Amino acid sequence: MSDTATPSARPLLLSVLGDVVLPSGGRAWLGALTEAMGTLDVSPQAVRQALRRLVGQHIVEPERHGRLAAYQLTAPGRRRLEEAADRIYLRRSLVWDGRWRILTYSFAEENRSARDALRRELEWLGYGALGSGMWICPWDLGTRLDTALAKHGITGQVESFVSELEGDDRGVAARAYDLSELRAAHQAFLERFSPELEDAPEGLDDAEAFARRILLLHEWRKFLFLDPGLPQALLPTDWLGDQAAELFVELYRRYDQPAWAFWDRVSAEADPDGVAPSHPRSNLDPTSPSHRHDGPRASVGDGPRATAGDGRTTAAQAEERRTEEFLERIHGGGKVEATDWMPDEYRRLNLRFIEMHANSEIMGALPEREWIARAPSLKRKRSLSAKVQDEVGHAHLIYRVAETLGKPRQQMYEDLIFGRGKFHNVFHYPTHSWGDVACIGFLVDGAAIVTQRALLDTSYAPYVRVMRRVVAEESLHYRHGEDVMLALAAGTDEQFEMLQEAVTRWWTPTMHFFGTDVAAEDDPAIHWGIKTQTNEEARQEWINQYVPKLWDMGIELPDPALRYDPQDKRWHYTEPDWDELKDLLRNPTETVQRRLAWRQAIWEHHEWIHRIVTGDTVPAAA
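Residues numbered from 1 in each chain as written. Predicted model: local features only at pLDDT ≥ 70, side-chain atom pairs only at ≥ 80, totals over all residues. Heavy atoms only, no water.

Details of the overall build of the protein
For step 1, the next point in the chain: Check the secondary structure of the protein and you find 22 helices and eleven strands.
For step 2, the next point in the chain: A total of 622 residues make up the protein; the buried ones form 50% of that total.
For step 3, the next point in the chain: The contacts in the protein between residues at least 6 apart in sequence include a share of 77% that link residues at least 24 apart.
For step 4, the next point in the chain: When the accessible area of the protein is evaluated, it comes to approximately 29100 Å², of which 51% is carbon and sulfur surface. (Helix = DSSP H or I, 4+ residues; strand = E, 2+ residues; numbered from the N terminus. Buried < 20%, exposed > 50% of the residue type's maximum accessible area, 1.4 Å probe, protein only. Contact = heavy atoms within 4.5 Å. Areas by Shrake-Rupley, 256 points an atom, 1.4 Å probe, with all protein chains shown as cover.)

Right, dumping it as structure tokens:
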């Protein structure tokens, strides 16, 4: 091991979690972690204390197995380490398009702590400060930036735009980033680890190789907070980042296999069944030559780099091949687990889709909740209460799935109640009568069942498993709605008129529910296997199942053009007003504002109850 003083336990433990626990499935026995950290001169007591801190920060969660203990990475913890891993192990390849991403924001003076926290996060993402409240970055960070802004609650206070500079890009980079400090850090890294190249690898035992690999990684990962990963066109001529990267790769490969052998041994010894978890042969991208690297963020600029014959980098080609294989897999019916590699676009679209579904379950419970006390009988009160409880339960099951894609559940819920989250259009409307409750249970839940049954074959396996339960319970909800519909349809003239009026109002929102008619080849969600049917296919299926039932009840539908064509086997209808839908989603109704205001009040004034129930005594801001 190096003579340099050993770092503190927590950051070293994070290095171990990212280097061996994450690629081994995200779970490790306490005994294995203790022995692994022992090679770094960290005591068992310090390991347990570091683990308690990581539990408090929701990075890991403990599991008890009799007298033994294991630790599992949480969804936010896994996402954090995965994002860092792609950069640390040089597995990302970005091509700069010559444009800057510019971000401006403003904070009140009393929010200095929030401003400082956001500043640290933007620096970690690769932004540089041009002035007070103005930041620039050469890369399009997509949902990672959105998540960071939402986390600090300033999404609505930010302006961002893309621009090309007619001038000295390199000079702008020098103003925004402290490249002289970064050069000094690269120089220190080279001076510290270059001597290890002279050490003969013969006689190096597995435990020593593990310790050296973790210490090397620990120092290298510090560049995540220093190196913005600028393209070659923006770097100074005396740049040392490539030399530092070459040294890291060469030494890491030297220690790679014996370090894995050590981890396999201590994992098997700690496991009650004596089994070591499976893992890849190496964390490094095998297609990337050790002599080529563009900084810890693995960005590719316009300088001399290893390229294929068509001008693309070998890393970019590897990424394309990986994506093609991923698409081939899901198009062939394969499923994707949370621990599998997935393209950024797949993760982003999947998260957006699943989060909106979870939000809709919460918002869908609120209109019916308003009618529990006003239900016409004890039987109806009990059944409606059970249904509302189910809907909220569905939401949290689906939020749990969304968490596996990298966004914390608390953040998603806060985004929803403070007006930043999206949900289905049908839950923007007020409920005027008991007939509305019938329509929600029959028309809206019927539409949801059609779309949700198709999700039983979505490509994301955790979503499939949750949807099996959700669809089964939604079928009961539909039966509840059908029972209320039939009772009103067979009731007094006043009850029938109430039902007819409600169906007339809910017809267009339900037609809007499925979305505009988009061809399968133009729908990204279908391309990535997130959806398995087009919007129009779902709408046709719903009309085919539910319109005949409405007619059997004697209900008149507000579309005189609605008819079935037996020749082309499809229903023809009047195209709904899509501008009405766009306006609804852009301008939240008074009903939505009132419902969200109640959720905000409960969230802000009763958070202490949540903490007591969950045992979470750490303040939300910690």
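Regarding the side chain of S459
For step 1, the next point in the chain: Secondary-structure assignment places S459 in the loop between helix 15 (434-454) and helix 16 (461-489).
For step 2, the next point in the chain: Residue class for S459 comes out buried when judged on its relative accessible area of 3%.
For step 3, the next point in the chain: Among the polar contacts made by the side chain of S459, one reaches the main-chain carbonyl oxygen of W528 at a distance of 3.3 Å.
For step 4, the next point in the chain: Not counting residues within four places of it along the chain, the set of residues in contact with S459 comprises I330, G334, K335, V336, Y346, W528, G529 and I530. (Polar contact = N/O pair within 3.5 Å; in protein donor to acceptor, adjacent residues only side chain to side chain.)

As for the packing of helix 2 (residues 30-38) against helix 3 (residues 44-56)
For step 1, the next point in the chain: Following both chains from N to C, one finds helix 2 and helix 3 inclined at 120°, their axes separated by 9 Å at the closest point. Comparing their axes, helix 3 and helix 2 come out oblique. Considering only the axes of helix 2 and helix 3, their crossing is right-handed. Of helix 3, the residues touching helix 2 (which contributes L30, L33, T34 and M37) are P44, V47, R48 and L51.
For step 2, the next point in the chain: Grouping the constituent residues of the contact of helix 2 with helix 3 by class yields six nonpolar, one polar and one charged. (Axes fitted to C-alpha atoms, helices over the stretch in contact; angles between N-to-C directions. Parallel < 35°, antiparallel > 145°, perpendicular 65-115°, else oblique. Left-handed = near helix turned anticlockwise from the far one by under 90°. Nonpolar A, V, L, I, M, F, W, Y, C, P; charged D, E, K, R; others polar.)

Re empty space enclosed by the protein
For step 1, the next point in the chain: Scanning the model with the defined rule gives three cavities of 30 Å³ or more in all.
For step 2, the next point in the chain: Among the elements of the structure, helix 1 (9-21) and helix 4 (75-88) are those that each provide at least two residues to the lining of the largest cavity.
For step 3, the next point in the chain: For the lining of the largest cavity, the residue count by class is seven nonpolar, two polar and two charged. (1 Å grid on protein atoms, 1.4 Å probe; cavity = no way out; pocket = protein on both sides within 12 Å on 5 of 7 lines; lining within 4 Å. Points joined across faces, edges and corners; volume = space filled by probe spheres on them.)

Notes on the nonpolar core
For step 1, the next point in the chain: Counting residues in each nonpolar core, the largest one holds 81 residues, and the members touching the most others are Y460, W506 and W542.
For step 2, the next point in the chain: Considering every element that reaches this core, the biggest residue donor is helix 15, with twelve residues.
For step 3, the next point in the chain: Discounting residues that sit within four places of it in the chain, W506 has contacts with V426, Y429, P430, D436, C439, I440, L443 and V444.
For step 4, the next point in the chain: Grouped together as the second largest cluster of nonpolar side chains are 54 residues, I88, L118, A173 and L230 included. (Core = buried A, V, L, I, M, F, W, Y, C linked by side-chain atoms within 4.5 Å.)

Some thoughts on the side chain of S433
For step 1, the next point in the chain: Checked against the element boundaries, S433 lands in the loop between helix 14 (409-417) and helix 15.
For step 2, the next point in the chain: A polar atom in the side chain of S433 sits 3.1 Å from the backbone nitrogen of G435.
For step 3, the next point in the chain: Residue contacts for S433: discarding those within four places in its chain leaves W371, M498 and R505.

Description of the pairing of strand 6 (residues 128-131)
For step 1, the next point in the chain: Across three bridges, strand 6 lies against strand 7 (residues 134-137) in antiparallel orientation. For G131, the partnering residue across the bridge sits in strand 7 and is M134. (Pairing = 2+ DSSP bridges.)

Re the pattern of salt bridges
For step 1, the next point in the chain: One pass over the structure, following the stated rule, counts 32 salt bridges.
For step 2, the next point in the chain: Ionic pairing is found between R380 and D483, a salt bridge with its closest N-O pair at 2.8 Å. Here the residue R380 occupies a position in helix 13 (residues 378-403), and D483 occupies one in helix 16, the gap between them amounting to 103 residues.
For step 3, the next point in the chain: D483 gets classed as partly exposed once you look at its relative accessible area, which sits at 34%.
For step 4, the next point in the chain: Taking the shortest distance from any N to any O, the salt bridge between D415 and K407 comes out at 2.7 Å. We note that D415, like K407, is buried. (Salt bridge = Lys/Arg side-chain N within 4 Å of Asp/Glu carboxyl O.)

Details of helix 8 (residues 179-193)
Count 3.6 residues to each turn of an α-helix, and residues three or four apart come out pointing the same way.
For step 1, the next point in the chain: The end-to-end C-alpha separation of helix 8 is 21 Å, in line with the 21 Å expected for 15 residues at 1.5 Å each.
For step 2, the next point in the chain: All of the buried residues along helix 8 are L179, L182, A185, H186, F189, L190 and F193. Considered in projection along helix 8, the buried side chains sweep an arc of 140° and stay on one side of the axis. Set apart from the buried face of helix 8 by more than 90 degrees, the exposed residues are S180 and E191. (Expected span 1.5 Å × (residues − 1). Arc of directions from axis to C-beta.)

A few points about unusual backbone geometry
For step 1, the next point in the chain: Its identity as a non-glycine residue notwithstanding, D41 has a phi of 65°, on the positive side.
For step 2, the next point in the chain: When you line up the elements, D41 lands in the loop between helix 2 and helix 3.
For step 3, the next point in the chain: The phi angle at K569 is positive, at roughly 55°, despite the residue not being glycine.
For step 4, the next point in the chain: For K569, the location among the structural elements is in the loop between strand 10 (563-565) and strand 11 (570-572).
For step 5, the next point in the chain: Accessibility expressed as a relative area gives 65% for K569, which makes it exposed.

Some points on helix 9 (residues 206-220)
For step 1, the next point in the chain: Taking 1.5 Å of rise per residue, 15 residues should cover 21 Å, and helix 9 covers 21 Å from first to last C-alpha, within 8% of that figure.
For step 2, the next point in the chain: Of all 15 residues in helix 9, twelve are buried; the element is thus mostly enclosed.
For step 3, the next point in the chain: Inspection of helix 9 places A209, F210, A211, R212, R213, I214, L215, L216, L217, H218, E219 and W220 among the buried residues, and these make up the whole buried set.
For step 4, the next point in the chain: In this structure, the buried residues of helix 9 make contact with helix 1, helix 2, helix 4, helix 8 and helix 10 (241-270).
For step 5, the next point in the chain: The backbone nitrogen of A207 has a side-chain oxygen 3.3 Å away, supplied by the residue at the start of helix 9, namely D205.

Brief notes about the confidence of the model for the protein
For step 1, the next point in the chain: Confidence in the prediction for the protein averages 83 pLDDT; 87% of positions are at 70 or higher.
For step 2, the next point in the chain: Across residues 1-5, where pLDDT falls below 50, the model places eleven contacts with residues more than four positions away in sequence or in other chains.
For step 3, the next point in the chain: Counting contacts from residues 617-622, a segment whose pLDDT is below 50, to residues more than four positions away or on other chains yields six contacts. (pLDDT = per-residue confidence, 0-100.)

Focus on a negative patch on the surface
For step 1, the next point in the chain: A cluster of acidic residues, D577, D579, E580 and D583, forms a negative patch at the surface.
For step 2, the next point in the chain: Position of D577 relative to the elements: it lies in the loop between strand 11 and helix 20 (578-586). (Patch = residues over 30% accessible without salt bridge, like charges linked within 9 Å, V, L, I, M, F, W, Y side chains within 5 Å. Lys, Arg positive; Asp, Glu negative; His and termini not counted. Charge placed at Lys NZ, Arg CZ, Asp CG, Glu CD.)

Side note on the sheet that holds strand 1 (residues 27-29)
For step 1, the next point in the chain: Strand order in this open sheet of three strands is 1-3-2, and the pairing throughout is antiparallel. Single-partner strands in this sheet number two, and they are strand 1 and strand 2 (60-65). Going from strand to strand, the sheet's axes swing by 25° on average, the running direction of each strand aside.
For step 2, the next point in the chain: As paired strands, strand 2 and strand 3 (residues 68-73) are joined by six bridges and run antiparallel to one another. For E63, the partnering residue across the bridge sits in strand 3 and is A70.
For step 3, the next point in the chain: Contacting strand 1 and strand 3, helix 2 runs over the sheet at an angle of about 80° to strand 1.

Focus: the sheet that holds strand 6
For step 1, the next point in the chain: Taken in spatial order, the four strands of this open sheet run 6-7-5-8, and their pairing is antiparallel. At either end of the open sheet lies a strand with only one pairing partner, and these are strand 6 and strand 8 (158-163). Each neighbouring strand pair of the sheet contributes to a mean axis angle of 30°, computed without reference to strand direction.
For step 2, the next point in the chain: Taken together, the six bridges between strand 5 (residues 100-105) and strand 8 define a ladder with antiparallel strand orientation. Across the sheet, residue L103 finds its bridge partner in strand 8, namely S160.
For step 3, the next point in the chain: Across the face of the sheet, helix 7 (residues 169-176) comes into contact with strand 5, strand 6 and strand 7 while running at roughly 95° to strand 6.

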